[in-house]
Amino acid sequence: MARVDALPNDYQFVFKKIQSHMWKFATGSGYDMMAVQYDLIDLFEEGIADGKKVLEVTGTDVASFCDELLKSTKTYTEDWRENLNREINKKLR
């Protein structure tokens, strides 16, 4: 979190909002989410170095940006989808 605290205020605000949103979907030990957050910090630090505002990095649709970040992680919604399909297929086969 020291790296996050070193970010400008607007970047800190967006990071913490994204972090809060992403943890709602975390499954298992959460290590996948930690990797995503480290990557996000790297991305934000690069954006700052390039002189970009935070929404130039994420875009104005931050929720879609989060969806893209979460594509490579295992989430509860993925578990729910798998469970739904498994239960239906088990019953109907």
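What this report covers is the structure whose coordinates are included nearby.

A separate point is the nonpolar core. Core analysis: the biggest nonpolar cluster contains 18 residues, and Tyr 11, Phe 15, Ile 18, Met 22, Leu 40, Phe 44 and Leu 69 have the highest contact counts within it. Among the elements of the structure, α2 (9–23), α3 (31–49), α4 (54–58) and α5 (62–70) are those that each provide at least two residues to this core.

Let us look at α3. In this model α3 runs 27 Å from its N-terminal to its C-terminal C-alpha over 19 residues, within 8% of the 27 Å that 1.5 Å per residue would give. The inward-facing, buried residues of α3 contact α1 (2–5), α2, α4 and α5. Gly 51 occupies a position one or two residues after α3 and carries a positive phi of about 75°.

In total, this model carries two salt bridges according to the counting rule given. The partner of Arg 3 in a salt bridge is Asp 42, with the nearest N and O atoms 2.5 Å apart. In this pair, Arg 3 is assigned in helix α1 and Asp 42 in helix α3, connecting sequence segments 39 residues apart. The class of Arg 3 is partly exposed, set by a relative accessible area of 34%. Between Glu 45 and Arg 3 there is a salt bridge; the shortest N-O distance is 2.7 Å. Linking Glu 45 in helix α3 with Arg 3 in helix α1, this pair joins segments that are 42 residues apart in sequence. Look at Glu 45 and you get partly exposed, because its relative accessible area is 30%. When salt bridges that share partners are traced, they join Arg 3, Asp 42 and Glu 45 into one network.

In this structure, Phe 65 sits in helix α5. Sequence separation between Phe 65 and Ile 18 is 47 residues; the distance between their C-alpha atoms is 9.1 Å. If we skip the residues at most four places from it in the chain, Phe 65 touches Ile 18, Leu 40, Leu 43, Val 57 and Thr 58.

The next thing to look at is α2. Across its 15 residues, α2 extends 21 Å between first and last C-alpha, which sits within 8% of the 21 Å expected from 1.5 Å per residue. What α2 keeps buried is the set Tyr 11, Gln 12, Val 14, Phe 15, Ile 18, Gln 19 and Met 22. If you follow the buried residues of α2, they end up packed against α1, α3, α4 and α5.

The rules behind each value
Residues numbered from 1 in each chain as written. Predicted model: local features only at pLDDT ≥ 70, side-chain atom pairs only at ≥ 80, totals over all residues. Heavy atoms only, no water. Core = buried A, V, L, I, M, F, W, Y, C linked by side-chain atoms within 4.5 Å. Buried < 20%, exposed > 50% of the residue type's maximum accessible area, 1.4 Å probe, protein only. Helix = DSSP H or I, 4+ residues; strand = E, 2+ residues; numbered from the N terminus. Expected span 1.5 Å × (residues − 1). Contact = heavy atoms within 4.5 Å. Salt bridge = Lys/Arg side-chain N within 4 Å of Asp/Glu carboxyl O.

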